[in-house]
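Residues per chain are reported as follows:
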Amino acid sequence: MRKTSIMKTKELTKQVRDKVVEKYEAGLGNKKISRALNISLSTIKSIIRKWKEYGTTANLPRGGRPPKLKSRTRRK
């Protein structure tokens with residue numbers, strides 16, 4: 001049985017995600033893109049899936065509870 005640790009990682013930059021799409025459009029397979037950019041295969045698949053569905057590689061807003069304090073109140 002393989003142990004994996006579940007840790008949060010930083011988001012990839014827009015330039016890296018654009019590079020993934022660029023390589024995909026050039027005809028490279030997911031495994032080759034994954035090896036070339038040293039990014040996990042599941043990440044490559046999710047970037048491509050999001051690009052196909054929404055037509056963008058930008059960070060999309062996430063759901064969640066809205067903040068209790070407004071940004072203006074927080075600064076005071």
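Shown above is the structure to which this text applies.
A short tour of the structure in this document, coming up. As the structure is a prediction and not an experimental result, all values here were calculated from the model.

So, on to helix 3 (residues 41-54). Taking 1.5 Å per residue, 14 residues should reach 20 Å; helix 3 reaches 20 Å between its end C-alpha atoms and fits that length. When helix 3 is considered as a whole, its buried residues turn out to be Ile-44, Ile-47 and Ile-48. Seen along its axis, helix 3 keeps its buried residues to an arc of 95°; they face one direction. Facing away from the buried surface of helix 3 by more than 90 degrees, the exposed residues are Ser-42, Arg-49 and Glu-53. Buried positions along helix 3 lie against helix 1 (14-25) and helix 2 (30-37). Directly after helix 3, the chain includes Gly-55, whose backbone phi takes a positive value near 75°.

It is worth spelling out the nonpolar core at this point. Core analysis: the largest hydrophobic core is formed by seven residues, namely Val-20, Val-21, Ile-33, Ile-39, Ile-44, Ile-47 and Ile-48. Those elements that provide at least two residues to this core are helix 1 and helix 3. With residues near it in sequence (within four places) discarded, Ile-33 still touches Val-20, Lys-23, Tyr-24, Leu-28 and Ile-44.

Conventions adopted
- Residues numbered from 1 in each chain as written.
- Predicted model: local features only at pLDDT ≥ 70, side-chain atom pairs only at ≥ 80, totals over all residues.
- Heavy atoms only, no water.
- Helix = DSSP H or I, 4+ residues; strand = E, 2+ residues; numbered from the N terminus.
- Expected span 1.5 Å × (residues − 1).
- Buried < 20%, exposed > 50% of the residue type's maximum accessible area, 1.4 Å probe, protein only.
- Arc of directions from axis to C-beta.
- Contact = heavy atoms within 4.5 Å.
- Core = buried A, V, L, I, M, F, W, Y, C linked by side-chain atoms within 4.5 Å.

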